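Observations on chain architecture
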Amino acid sequence: MAHTCIHWFRKGLRLHDNPALVAALRDCKEIYPVFVLDPCAPNNVNIGINRWKFLIGALKDLDCSLRKLNSRLFVVRGNPEEVFPKLFQKWKVTRLTYEYDTEPFSLRRDKEVVRLAEAHGVEIIYKVSHTLYNIDRIIEENNGKAPLTYNRLQTLVSSIGPPKRPIPAPTSDDMKDVKTPCSEKHEENYGISTLEKLYQDPESLTEELFPGGEQEAMRRLDQHMERKEWVCDFEKPQTSPNSLSPSTTVLSPYMTFGCLSVRTFWWSLTDVYQGKKHSQPPVSLHGQLLWREFFYTAGLGIPNFDKMEGNPVCTQVDWDSNSEYLAAWAEARTGFPFIDAIMTQLRQEGWIHHLARHAVACFLTRGDLWISWEEGQRVFEELLLDGDWSLNAGNWQWLSASTFFHQFFRVYSPIAFGKKTDKNGDYIKKYLPHLKKYPAQYIYEPWKAPRSVQEAAGCIVGKDYPRPIVEHEVISKKNIQRMKAAYAKRSPHSSDESPSKNEKGRKHKAPSVLDMLIKKKK
Ligand code: FAD
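In the nomenclature of an unreviewed UniProt entry, the chain corresponds to Cryptochrome circadian regulator 5 isoform X2 from the organism Salvelinus namaycush. Listed under Sequence similarities (unreviewed entry) in UniProt, the entry text for the chain is "Belongs to the DNA photolyase class-1 family."

This part takes up the overall build of the chain. Broken down by element type, the chain carries 23 helices and five strands. With 522 residues in all, the chain has 58% of them scored as buried. Here the contacts in the chain between residues at least 6 apart in sequence split such that 78% fall between residues at least 24 apart. Distance between charge centres in the chain, computed from 72 positive and 64 negative side chains, equals 3 Å.

What follows covers the sheet that holds strand 4 (residues 95-99). A sheet is described by the order of its strands in space; here five strands give the open sequence 3-2-1-4-5, paired in parallel fashion. The two strands at the open ends of the sheet, each matched to only one other strand, are strand 3 (74-77) and strand 5 (123-127). When the angles between neighbouring strand axes are averaged without regard to direction, this sheet yields 30 degrees. Taken strand by strand, helix 2 (residues 49-68) contacts strand 1 (3-9) and strand 2 (28-37), and its axis lies near 170 degrees from that of strand 2.

Once that is clear, we can look at empty space enclosed by the protein. Following the criterion strictly, the structure yields three cavities of 30 Å³ or more and no others. Taken as a whole, the largest cavity spans an internal volume of roughly 60 Å³. For the largest cavity, the full set of lining residues is Tyr100, Asp101, Thr102, Val128, His130, Thr131, Tyr133, Ile135 and Tyr296. Here the residues of the lining of the largest cavity sort into five nonpolar, three polar and one charged.

Let's shift gears to the pairing of strand 2. For strand 2, a buried count of eight out of ten residues is recorded, marking the element as mostly surrounded by other parts of the structure. Where strand 1 meets strand 2, seven bridges bridge the pair, whose relative direction is parallel. By the bridge assignment for strand 2, Ile6 is matched with Tyr32. Handedness of the crossover joining strand 1 and strand 2 through helix 1 (residues 19-25) is recorded here as right-handed. Bridge analysis of strand 2 against strand 3 gives four bridges, and the strand direction is parallel. Its bridge partner being in strand 3, Leu37 is matched across the sheet by Arg77. Taken together, strand 2, helix 2 and strand 3 constitute a β-α-β crossover, and its handedness is right-handed.

It is worth spelling out the packing of aromatic side chains at this point. The description of an aromatic ring pair rests on the distance of the ring centres and on the angle between the ring planes. In this structure the tally under the stated criterion is 37 aromatic pairs. Here the aromatic rings of Trp8 and Tyr98 are separated by 5.6 Å at their centres, their planes lie at 75 degrees, and the arrangement is edge-to-face. Within this pair, whereas Trp8 is found in strand 1, its partner Tyr98 is found in strand 4, the two being separated by 90 residues in sequence. In this structure Trp8 comes out as buried when scored by relative accessible area, which is 3%. Judged by relative accessible area, Tyr98 falls into the buried class, the value being 0%. With centroids separated by 5.8 Å and ring planes inclined at 85 degrees, the aromatic side chains of Trp291 and Phe294 adopt a geometry described as edge-to-face. With Trp291 and Phe294 both in helix 12 (residues 285-301), this residue pair falls three residues apart, about one helical turn. An aromatic cluster is present here, built from Tyr150, Trp291, Phe294, Phe295, Phe305, Trp389, Trp398, Phe404 and Phe405 joined pairwise through their rings.

Another point: the UniProt feature "site: Electron transfer via tryptophanyl radical" (unreviewed entry) in the chain. Taking the numbering used here, the UniProt-annotated feature "site: Electron transfer via tryptophanyl radical" (unreviewed entry) corresponds to Trp319, Trp373 and Trp396. For this annotated set, covering 78 residues, all C-alpha atoms fall within 13.9 Å of each other, a compact arrangement in space. The residue Trp319 is located in the loop between helix 12 and helix 13 (323-330) in this model. Residues in contact with Trp319, not counting those within four places in the same chain, are Met308, Thr365, Arg366, Trp370, Ile371, Ser372, Trp373, Ser400 and Ser402. Structurally, the position occupied by Trp396 is in helix 17 (residues 389-399). By relative accessible area, which is 2% here, Trp396 ends up buried. Setting aside chain neighbours within four positions, we find Trp396 in contact with Trp329, Ala361, Leu364, Thr365, Trp373, Gly376, Gln377 and Phe380.

On to the site of the ligand. Inspection of the region around the ligand gives 30 residues, with Thr248, Thr249, Val250, His354 and Asp386 positioned closest. In this structure, an oxygen atom belonging to the ligand sits 3.1 Å away from a side-chain N or O atom of Trp351. The backbone of Asp388 places a nitrogen or oxygen atom 3.0 Å from an oxygen atom of the ligand. Protein coverage of the free-state accessible area of the ligand, which is 810 Å², stands at 99%. Every element with two or more residues in the shell around the ligand is listed here: helix 10 (252-256), helix 12, helix 15 (354-367) and helix 17. Sorting elements by how many residues they give to the shell around the ligand places helix 12 first, with six residues.

The subject of this paragraph is helix 15. Compared with an ideal rise of 1.5 Å per residue, which puts 14 residues at 20 Å, helix 15 spans 17 Å between its outermost C-alpha atoms and falls more than 12% short. The largest bend along helix 15 measures about 30 degrees and falls at Ala361. Of all 14 residues in helix 15, 13 are buried, a share of seventy percent or more.

Interhelical geometry of helix 3 (residues 80-91) versus helix 4 (residues 104-119) gives an angle of 25 degrees and a closest axis separation of 10 Å. When the axis of helix 3 is compared with that of helix 4, the two are roughly parallel. The handedness of the crossing between helix 3 and helix 4 comes out as right-handed. From helix 3, Pro80, Glu81, Phe84, Pro85 and Phe88 reach across to helix 4, where they touch Arg109, Glu112, Val113, Leu116 and Ala117. Here the contact of helix 3 with helix 4 is built from residues that sort into seven nonpolar, no polar and three charged.

On to the packing of helix 12 against helix 17. Two quantities define a packed helix pair, namely the angle between the helix axes and the distance between the axes. Contact geometry of helix 12 with helix 17 gives a least axis separation of 8 Å together with a crossing angle of 95 degrees. For the element pair helix 12 / helix 17, the angle class is roughly perpendicular. Contact residues: Trp291, Arg292, Phe295, Tyr296 and Gly299 in helix 12; Trp389, Ser390, Leu391, Gly394, Asn395 and Trp398 in helix 17. Residues of the contact of helix 12 with helix 17, tallied by class, amount to six nonpolar, four polar and one charged.

About the cut-offs
- Residues numbered from 1 in each chain as written.
- Predicted model: local features only at pLDDT ≥ 70, side-chain atom pairs only at ≥ 80, totals over all residues.
- Heavy atoms only, no water.
- UniProt positions renumbered as here; feature names shortened; annotations may be inferred.
- Helix = DSSP H or I, 4+ residues; strand = E, 2+ residues; numbered from the N terminus.
- Buried < 20%, exposed > 50% of the residue type's maximum accessible area, 1.4 Å probe, protein only.
- Contact = heavy atoms within 4.5 Å.
- Lys, Arg positive; Asp, Glu negative; His and termini not counted.
- Charge placed at Lys NZ, Arg CZ, Asp CG, Glu CD.
- Pairing = 2+ DSSP bridges.
- Axes fitted to C-alpha atoms, helices over the stretch in contact; angles between N-to-C directions.
- 1 Å grid on protein atoms, 1.4 Å probe; cavity = no way out; pocket = protein on both sides within 12 Å on 5 of 7 lines; lining within 4 Å.
- Points joined across faces, edges and corners; volume = space filled by probe spheres on them.
- Nonpolar A, V, L, I, M, F, W, Y, C, P; charged D, E, K, R; others polar.
- Right-handed = clockwise from strand over helix to strand, strands pointing away.
- Phe/Tyr/Trp six-rings, centres within 6.5 Å; stacked < 30°, edge-to-face > 60°.
- Near = heavy atom within 4 Å.
- Polar contact = N/O pair within 3.5 Å; in protein donor to acceptor, adjacent residues only side chain to side chain.
- Areas by Shrake-Rupley, 256 points an atom, 1.4 Å probe, with all protein chains shown as cover.
- Expected span 1.5 Å × (residues − 1).
- Bend = angle between axes of the 7 residues up to and from the residue.
- Parallel < 35°, antiparallel > 145°, perpendicular 65-115°, else oblique.
- Left-handed = near helix turned anticlockwise from the far one by under 90°.

Given below as structure tokens:
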């Protein structure tokens with residue numbers, strides 16, 4: 001039977017290494033590539049303008065690539081549970097394909113869509129391609145538990161073997177017997193939204209440094225892979241949080257939206273490494289991709305992973321509620337230029353370096369302001385182009401010493417840390433131009449500059465730039481004691497043992513939620 005298919009793009013906004021799309025084209029006479037735009041979905045309500053812009057760019061690029069295959073993208077507004085039954089009937093759909101997504105919100109959504117498809121006699125095919133490995137399989141290999149250390153993850157994935165190789169994008173040849181029925185009103189009915197239609201104000205945008213889309217992702221990947229020596233020598237701790245142009249790849253937004261396949265990235269690195277001496281995980285670029293895998297596994301295997309309460313591996317801490325401190329942090333008004341410069345870069349450009357994330361996350365939580373990591377997670381989710389549910393939750397828990405990392409007595413100084421890689425404060429001057437006339441001696445601590453220096457620099461602390469909201473030396477010591485008290489209350493097993501999916505902890509086949517549903521159907 002020749003199928004009429006919908007391929008549902010969610011993440012995975014690409015044609016290369018898209019096994020679900022390729023599966024859609026098998027025995028297919030008609031294909032409808034669909035993106036469901038649901039601004040009210042829980043994973044979309046808190047998204048800032050830069051991220052919407054990136055998504056629109058990625059969708060335009062996808063549509064452009066589909067046109068080259070004589071097809072088009074259909075952007076449908078609404079929520080998937082309401083949209084799909086209508087589309088199934090309207091287009092007489094017999095098959096729905098998509099990429100497997102392990103986020104709790106997506107699993108719930110997909111479960112409902114599978115149920116609806118079943119009711120309409122629509123076959124479902126989904127494929128794993130957002131991660132290097134099938135995350136369910138990693139958990140299964142670990143006796144139904146998410147590994148809580150990187151080493152353990154490495155052992156598990158080595159036993160599984162290398163990730164699958166990416167598959168090529170479909171060609172016109174693959175599409176020669178497949179049609180996409182498009183009407184003249186396609187643009188009107190299924191065109192890509194504008195920022196205005198999403199109630200966003202384009203006036204508030206600054207220069208777009210990282211345009212969305214698969215073409216741009218591949219261009220950036222190729223550009224990095226040409227720097228063979230840099231790739232082989234890459235050691236994450238040696239990269240700089242405050243260089244004026246990024247010292248790491250900035251491929252993260254492209255992987256979050258799936259414009260770039262992580263397996264394509266992995267195997268491109270393998271090709272560059274071939275026959276050469278190169279750095280190793282956890283600090284190498286392969287190592288970075290394994291961190292991604294680590295947090296995806298934790299996100300799937302640990303209940304309530306984005307919360308403190310109900311999260312069995314997260315240390316319970318009596319964080320303060322302090323809306324003034326939180327706003328000062330989020331709006332770059334802490335009075336610590338290094339912290340404020342990072343938060344300004346984040347708001348304007350949508351990306352900051354990993355160690356810059358360390359600095360501001362530690363400052364907000366256990367270092368200085370004693371505000372819950374969940375608040376920081378929310379702000380990052382809004383402002384980061386690469387905002388990713390599992391990675392964001394996992395890294396915030398790490399930095400706040402709530403889970404995974406326990407050396408809470410090691411606190412980043414908002415003054416000394418940035419100086420290590422930028423003595424002159426050029427990064428601060430770029431993002432906080434009102435401080436640009438400050439001499440290097442005072443740029444990290446402008447409140448220490450004599451009044452005459454402040455006047456000469458044209459920026460008076462307390463008037464043109466805030467005084468520091470806390471006294472770091474004092475507060476950080478007090479917070480270490482509070483953290484010590486929180487640790488003293490932990491049960492001896494928390495954080496050492498991850499919760500088991502199966503009670504007895506025996507090795508078992510852990511089918512994905514969707515596997516279970518589809519098996520039931522058969
Ligand atoms: P590179 O150093 O070039 O690394 C290549 C890729 O490896 C990245 O694109 C990313 O996919 C992966 N990677 C690198 N570091 C990590 C890490 N620590 N954890 C997981 N994957 C990693 N990353 C996100 O993609 N989305 C988030 O929402 C996110 N939130 C974070 C929140 C905090 C508090 C912290 C400390 C880190 C967070 N990270 C997040 C992880 C990391 O900072 C970014 O992935 C990285 O800085 C992206 O830049 P890059 O692409 O140049 O990284």
